[in-house]
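Commentary on secondary and tertiary structure
This is what each chain is made of:
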Amino acid sequence: VNIILFGPPGAGKGTQAKYLVNKVKGFQISTGDLLREEIKNNTEIGKIITNDMNDGKYVSDEIVNKLIKDVVIDPNKKGRLIFDGYPRSLSQAKNLDLLLTNSNQKIDCIFFLNVHKDIIIKRIEKRKDIENRSDDNLKTIVKRYEVYMETTKPVLEHYAKNTNFHEIDGSLEIDQITNKIDTFLKV
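Figured I'd write up the structure that's included with this text. Bear in mind the structure is a predicted one, so any value in this text is a computation, not a measurement. (Residues numbered from 1 in each chain as written. Predicted model: local features only at pLDDT ≥ 70, side-chain atom pairs only at ≥ 80, totals over all residues. Heavy atoms only, no water.)

Among all positions in helix α8 (residues 174-184), only I177, T178 and I181 are buried. Take α8 and look down its axis: the buried residues cluster within an arc of 100 degrees, on one side only. (Buried < 20%, exposed > 50% of the residue type's maximum accessible area, 1.4 Å probe, protein only. Helix = DSSP H or I, 4+ residues; strand = E, 2+ residues; numbered from the N terminus. Arc of directions from axis to C-beta.)

Right under this line is the structure:
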């Protein structure tokens, strides 16, 4: 089962992805984690990513697509991919469609955790206190939310036509969101 989780930063994609990984014995593909790994390893790509994130920008599609490709074509992960925060743009969505087609895969479920900006800010401020992530300051949070909503709108419209697209109220409690996902997931 291949799944895409959409939602603005702080919507709970990571939490739900971890649940789904256990449920379907899958692999979480978190662009955030892939990007943070590049930063941690201080690679050339990592330095570019750091500058973009500090400016409240998203990392280029070219960089993200390169990091995603290796995971999608891995035969050990085939059919068990949980995309957390990817695709974020129409070009990323088209790239994913192509990668999946070329590796004889498809997306089985698409979930959009829709959450208002005020709730996102509260959640990320709480997460910042716990995890101390460098990309979690208020100005950056608001910028990332606005960029996310603007950039992802065409992607959501691209996928919303599919019968396997499900919008979920992301302001619900974690277990309520999980239960809603379970009702759509036929596993």
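The next point concerns the nonpolar core. In this structure, I4, F6, I68, V72, F83, L96 and Y159 are the most contacted members of the largest nonpolar core, which totals 28 residues. Those elements that place two or more of their residues in this core are β1 (3-6), α3 (44-54), α4 (61-72), β3 (81-84), α5 (90-102), β4 (109-114) and α7 (138-160). It is α4 that provides the largest number of residues to this core, a total of six residues. What V72 contacts, discounting residues up to four positions off in sequence, is L81, F83, L96, L99, L100, S103 and Q105. (Core = buried A, V, L, I, M, F, W, Y, C linked by side-chain atoms within 4.5 Å. Contact = heavy atoms within 4.5 Å.)

Before going further, it helps to examine the sheet that holds strand β2 (residues 27-30). In spatial order, the strands read β2-β3-β1-β4-β5; together these five strands make up an open sheet with parallel pairing. Looking at which strands have only one partner, the edges of the open sheet turn out to be β2 and β5 (165-169). Shown here is a sheet whose adjacent strand axes are inclined to one another by a mean of 20 degrees, direction ignored. Judged from the three bridges that link them, β1 and β3 form a sheet pairing that is parallel. Bridged to L5 within β3 is D84. (Pairing = 2+ DSSP bridges. Axes fitted to C-alpha atoms, helices over the stretch in contact; angles between N-to-C directions.)

Further remarks concern the pattern of salt bridges. Throughout the structure, instances matching the rule amount to eight salt bridges. D33 is paired through a salt bridge with R36; the nearest N and O atoms lie 3.2 Å apart. Remark: R36 and D33 occur in helix α2 (residues 31-40); sequence separation between them is three residues, near one turn of the helix. Residue classification places D33 among the partly exposed positions, given a relative accessible area of 39%. Judged by its relative accessible area of 27%, R36 is partly exposed. Across the pair E146 and K117 runs a salt bridge, and its minimum N-O distance is 3.3 Å. Separated by 29 residues along the polypeptide, E146 in helix α7 and K117 in helix α6 (residues 117-131) bring together distant segments of the chain. Assessed through its relative accessible area of 25%, K117 is described here as partly exposed. (Salt bridge = Lys/Arg side-chain N within 4 Å of Asp/Glu carboxyl O.)

Examined against the element boundaries, A93 turns out to sit in helix α5. Overall, A93 belongs to the buried group, its relative accessible area being 0%.

Looking now at the side chain of N2. Looking at the element boundaries, N2 is found in the segment before β1. Assessed through its relative accessible area of 2%, N2 is described here as buried. For N2, the residues in contact, after removing those within four places along its chain, are G79, R80, L81, L100, Q105, K106, I107, D108 and C109.

α8 packs onto helix α1 (residues 13-24) with a crossing angle of 50 degrees between their chain directions and a minimal axis gap of 11 Å. Considering their axes alone, α1 and α8 lie oblique with respect to each other. When the axes of α1 and α8 are compared, the crossing they make is right-handed. The residues of α8 that touch α1, namely those facing T15, Q16, Y19, L20 and K23, are I174, I177, T178, I181 and D182. Looking at the contact of α1 with α8 residue by residue, the classes come out as five nonpolar, three polar and two charged. (Parallel < 35°, antiparallel > 145°, perpendicular 65-115°, else oblique. Left-handed = near helix turned anticlockwise from the far one by under 90°. Nonpolar A, V, L, I, M, F, W, Y, C, P; charged D, E, K, R; others polar.)

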